Amino acid sequence: MSDERDPEATLDEWKEAMGAEHAEAIANPDPDEAHRIEGVTQVNHRVTFEYDPETDSLERDAVEQVDELTDPELRSCTCGVRGMTPEEAREHMRAAHETGGE
């Protein structure tokens, strides 16, 4: 007996299930957990180096920030819910406040 399931259909089912779990975690935060939204962002810097012929090494000479700090597109909660848009993060925190799990 061969398994003739469509891989695309299986992937779509998995995505749908994961999306439903994600939406559930956003809308129904665990009231026993602490909730705080956080995100990771990167600010690029230009680093210049001076060559030291005596030690044959490059030594950091200067650092210049080349762009401004921006808010990350995706947010996480300290309770473990990851990959939320800013709107989803607000929904999660609103629900956490309503259930007393701040």
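Up top is the structure.
Model, not experiment: these values are computed from the prediction.

Trainee: In this structure, what is going on with the overall build of the chain? I would like to understand it.
Mentor: A tally of helices and strands in the chain yields two helices and four strands. Each helix (α) and strand (β) of the chain, taken in turn from the N terminus, gives the series α-β-β-β-β-α. Compactness check: the chain gives a C-alpha radius of gyration of 23 Å against a globular reference of 13 Å for 102 residues, more than 25% above the reference. With the C-alpha coordinates of the chain rotated into their principal frame, the extents come out at 70 × 50 × 20 Å. For the chain, the accessible surface area stands at approximately 8,100 Å², while carbon and sulfur atoms represent 48% of it.

Trainee: Help me understand the nonpolar core, please; the structure alone is not making it clear to me.
Mentor: Side chains of nonpolar character tend, in soluble globular proteins, to be buried together. Counting residues in hydrophobic clusters, the biggest one holds five residues: I26, C77, V81, M84 and A89. In this structure I26 touches V81, M84, E88, E91, H92 and A95, once residues within four positions along its chain are discounted.

Trainee: Which parts of the structure should I look at to understand a nonpolar patch on the surface?
Mentor: A cluster of nonpolar residues, V47, F49, Y51, L58 and V63, forms a patch on the protein surface that exposes about 490 Å² of accessible area. If you list the elements that add at least two residues to the nonpolar patch, you get β2 (45–52) and β3 (57–65). It is β2 that provides the largest number of residues to the nonpolar patch, a total of three residues. Among the structural elements, V63 can be located in strand β3.

Scoring rules and cut-offs
- Residues numbered from 1 in each chain as written.
- Predicted model: local features only at pLDDT ≥ 70, side-chain atom pairs only at ≥ 80, totals over all residues.
- Heavy atoms only, no water.
- Helix = DSSP H or I, 4+ residues; strand = E, 2+ residues; numbered from the N terminus.
- Rg over C-alpha atoms; globule rule 2.2 N^0.38 Å.
- Areas by Shrake-Rupley, 256 points an atom, 1.4 Å probe, with all protein chains shown as cover.
- Core = buried A, V, L, I, M, F, W, Y, C linked by side-chain atoms within 4.5 Å.
- Buried < 20%, exposed > 50% of the residue type's maximum accessible area, 1.4 Å probe, protein only.
- Contact = heavy atoms within 4.5 Å.
- Patch = residues over 30% accessible without salt bridge, like charges linked within 9 Å, V, L, I, M, F, W, Y side chains within 5 Å.
- Salt bridge = Lys/Arg side-chain N within 4 Å of Asp/Glu carboxyl O.

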